Amino acid sequence: MELDGTRVSIVREARWVRWLMVIVGLACIAVCSWVMDRLSLSVGPFTYISSFGFYANTLPYLILFGLLLSLTARFFLATSSTLIIAAIVAFANYEKLEVLSRPLSFSDLFFVKEIDLSVLRLLSSYINPWVAVGCVAVFIVAAILVFKHERPFFRKRSSMRICLAIISMAMAVLVVSGSSWLSTVYDAGKIRFVGWAPALTVLHTGIAATIIYQNIDYAHALSEAPDTTAIDKFLALATPKAAMPAVPATPKVTRPDIVVIQSESLFDPEILADISDSDAVLPNLHSAIASGKGGRMLVPTFGGGTIRTEFEVLTSIPMAAYPRISFPYLQIRQDHIPSLPFVLRKSGYEAYAIHGNEGSFWNRTKTFVALGFQHFVTAKDFPAGASKDGRYMSDHAMTNMIESVLDHASAPTFIFAISIEAHGPYGNSALPANPAARDAMPAPKAWPQAARDEYKNYTYHIHDADSELGRLIKYLDARGRPYILAFYGDHLPGLVHVYHASAFDDGRLAPLQQVPWLLASGPKSGVVQSRSKIYAWMLGANLLEAAGVELPQYYRSIRKAELIMGTDSWNTQSDSVLAGIDSLARSHLVQQPQSAASVSTEKEGAK
Amino acid sequence: MLRNALGGMRRSRLALWCTLLTLALLISWAAWFFSRGTDYLSISPRTFSECGGVTTKVHVSWDTGDGLPATLMVKNIGKSAKVWTGGKPKGEADTGAWMSDGTTVILKTSDGRVLHRRTLVSTVCAVPAKH
């Protein structure tokens, strides 16, 4: 009896202590995860700790704790693992804010979902992979040791453990699936969501809560209804006279080849206040713009997010039409996406995409099929000796590949080439192919050394891009076939130190600056006049018109929008035009007026 | 007997852990309490209502405590910190009407040590319901 009495008292005491431990553990997770979140924002450690956002941010960590506790039955292991994950999230947020001036967001999780070698290679540019692997190894060993030596938190066949597992799992499913049930907690008003400033949303409610809110929001990202009033208003606007079509449709036999170069992170440094002249860096681009047509282009991204600009160019659908879509190739999962390749294939073109990286990066392999490309040439298709410059495949190797495709072409060819040489980061960690040329790049002497180094590394690579542009133009001219060549930067690079050292000529911030674009043609091709400032989604219609391809209805609307908006700046009709185009784009994407199969059939018939 | 002994051992181990934890907390608190200096940074108000606009003026007072000259910096999230004022080890000043939600004032000493940071927060400007 005495023995039994002793055992009962131990269990009672243990229960009491266990509850105390749980309360302390939960409080510790809530406060520590919040403090780490604040540190990642570089604000005071307890900022907004009494807000609703604090509780909203704590919930996912508590769910994680519940899952780990029920799975491992080890209290200390579950608590410390949850805190380590919170620390990793905070660290990632801190790094992203430092490099891109934007906080972590739900769309960054697409990287984790689509993780492969190319993603790991990119991440290794920012975090030493050996340190990361070492940390993971230490964590695993520590977790195993703790698991072995820590006493189980639950008794055998504990009903409490089963209950905890069921509740945690159910909550986790709700969170991961972006269930609208959660929107009662993760409500825009309650968490103080600030649409125009993601950093403020994170300030109010923490990273974890922001990501959950965005997950719920993204689940409905494609369900943007077209505004028929906005469409009617746009359609009622008069098209400027003598504007369309400027070039008559060219007979199919003389179709020019079309080459589009999306140049990684390219912008003209001349727009920096401290740089008066960039002729030495971009001589070919300047000379081509001066003799052909081109100017500045508004792109929907800064410092990264290449596929946003790429999507606009290839589909002529403004990203503004889908404000909740960050990464279209990952969020739009349609088998057919109306696009420039489909339009060109109808006119007898063979559509190629070229990219000196893994095809799976940004989910391009799958998406390019949906976008109508018949061939996708990726890093594995480049010759074994294809040169790299710095971390990535050189622009020189890409130009070689473009020439090779054109040399073997038997039909009018459309090539969409995505360069990668000038991809960041731009520190001194990756040695360029020609260090002497890098060191000789001019940089303002008044800048701090970090800014000068960053600028030299960057301009070295964009100078290469410019040299390859010059080489490609010479090749196309010498080839004797008519051609259209488009060249543009996908976004401004994340030059942290340079932007700190110098403002921009127009006084606006880096994310609001524009990239250069160029549309050049051979002597036998016609290029129509266009605005010097365009949106990326306007480029496709310009290309089609320059190539003498009859514009489908949607592209006629895009041309109309461009012409109404004038030659260089906003006018009084701009708002109506943009609202109308956004709504037209939504109808255009969802209605899918033609299928991939029908395009192939039409092409076969045309032959 | 054996069970009894094991039970006793568990209880004593539990008591030992609780005592150690309590001692650690007490020592940490005491160390913090007795080592804290006279340095401080305060902003007033610490919270502002956005009804009057998204920016506001703030009164800042500081003391580096050890007589070293102060540098006061301001930082918005995702932007680099900029020097606002400083020089004297102790002082007070009004900012311009450029402080906004999330702006942090940082007190540093001339040798680069960050002593304190204070972040301005806002309250939502509730729109009155229409009747």
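Everything numeric here is computed off the predicted structure, so don't read it as measured data. (Residues numbered from 1 in each chain as written. Chains lettered and ligands numbered in written order. Predicted model: local features only at pLDDT ≥ 70, side-chain atom pairs only at ≥ 80, totals over all residues. Heavy atoms only, no water.)

Participant: I keep staring at the packing of aromatic side chains and nothing clicks. Help me out?
Facilitator: Within a pair of aromatic rings, the relevant descriptors are the distance that separates the centres and the angle that separates the planes. Applying the stated rule across the entire model yields 21 aromatic pairs over all chains. Taking 4.8 Å as the distance between ring centres and 65° as the angle between the ring planes, the aromatic pair formed by Phe368 of chain A and Phe376 of chain A counts as edge-to-face. One exposure class covers both Phe368 of chain A and Phe376 of chain A, and it is buried. Taking the centre distance of 6.1 Å and the plane angle of 75° together, the rings of Trp84 of chain B and Trp98 of chain B count as edge-to-face. One end of the pair, Trp84 of chain B, is in strand S6 (residues 82-86); the other, Trp98 of chain B, is in the loop between strand S7 (90-94) and strand S8 (99-100), with 14 residues separating them in the sequence. Residue placement shows Arg74 of chain A over the ring face of Phe147 of chain A; its charged tip is 4.1 Å from the ring centre. Residue placement shows Lys560 of chain A over the ring face of Phe234 of chain A; its charged tip is 5.0 Å from the ring centre. (Phe/Tyr/Trp six-rings, centres within 6.5 Å; stacked < 30°, edge-to-face > 60°. Buried < 20%, exposed > 50% of the residue type's maximum accessible area, 1.4 Å probe, protein only. Helix = DSSP H or I, 4+ residues; strand = E, 2+ residues; numbered from the N terminus. Lys NZ or Arg CZ within 6 Å of the ring centre and 35° of its normal.)

Participant: Would you take a moment to explain the sheet that holds strand S1 (residues 257-263) of chain A for this structure?
Facilitator: Strands pair in a sheet through their backbones, by hydrogen bonds, and they do so in one of two ways: parallel or antiparallel. All names here are of chain A. Pairing within the open sheet is mixed, and its eight strands lie in the order S4-S3-S7-S1-S8-S9-S2-S10. With one partner strand each, in any of the chains shown, strand S4 (375-377) and strand S10 (533-535) form the two edges of the open sheet. Across the sheet, the mean angle from the axis of one strand to that of its neighbour is 20°, orientation sign disregarded. Where S1 lies against strand S8 (residues 483-489), seven bridges are found, and the strand directions are parallel. Each residue of the ladder has a partner; that of Ile261, found in S8, is Phe487. (Pairing = 2+ DSSP bridges. Axes fitted to C-alpha atoms, helices over the stretch in contact; angles between N-to-C directions.)

Participant: What is the right way to read the pairing of S8 of chain A from this model?
Facilitator: One face of the sheet, then the other: side chains in a regular strand alternate in exactly this way. All names here are of chain A. Summarising burial for S8: seven of the seven residues are buried, a large majority. Residues Tyr483, Leu485, Phe487 and Gly489 line one face of S8 and the alternating positions Ile484, Ala486 and Tyr488 line the opposite face, and both faces are buried. The pairing of S8 with strand S9 (residues 515-521) spans five bridges and is classified as antiparallel. Within S9, the residue paired with Leu485 across the bridge is Ala520.

Participant: Sorry, what's going on with a nonpolar patch on the surface here?
Facilitator: Among the surface-exposed residues, Ile84, Ile88, Val136, Phe139, Ile140 and Ile144 of chain A lie close enough to one another that they form a single nonpolar patch of about 520 Å² accessible area. For the nonpolar patch, the secondary-structure elements that each account for two or more residues are helix H3 (75-100) and helix H6 (129-149) of chain A. (Patch = residues over 30% accessible without salt bridge, like charges linked within 9 Å, V, L, I, M, F, W, Y side chains within 5 Å. Areas by Shrake-Rupley, 256 points an atom, 1.4 Å probe, with all protein chains shown as cover. Salt bridge = Lys/Arg side-chain N within 4 Å of Asp/Glu carboxyl O.)

Participant: For this particular structure, what's the right way to read helix H17 (residues 395-407) of chain A?
Facilitator: Because the α-helix completes a turn every 3.6 residues, residues three or four places apart line up on one side. Residues and elements named next belong to chain A. Look at H17: 18 Å from first C-alpha to last across 13 residues, which is about the 18 Å you get at 1.5 Å a residue. Listing the buried residues of H17 in full gives Asp395, Ala397, Met398, Thr399, Met401, Ile402, Glu403, Val405 and Leu406. In this fold, the buried residues of H17 make contact with S1, strand S3 (350-355), S4, strand S6 (392-393), strand S7 (413-418) and helix H19 (449-479). (Expected span 1.5 Å × (residues − 1). Contact = heavy atoms within 4.5 Å.)

Honestly, it's all geometry; don't read function into it.
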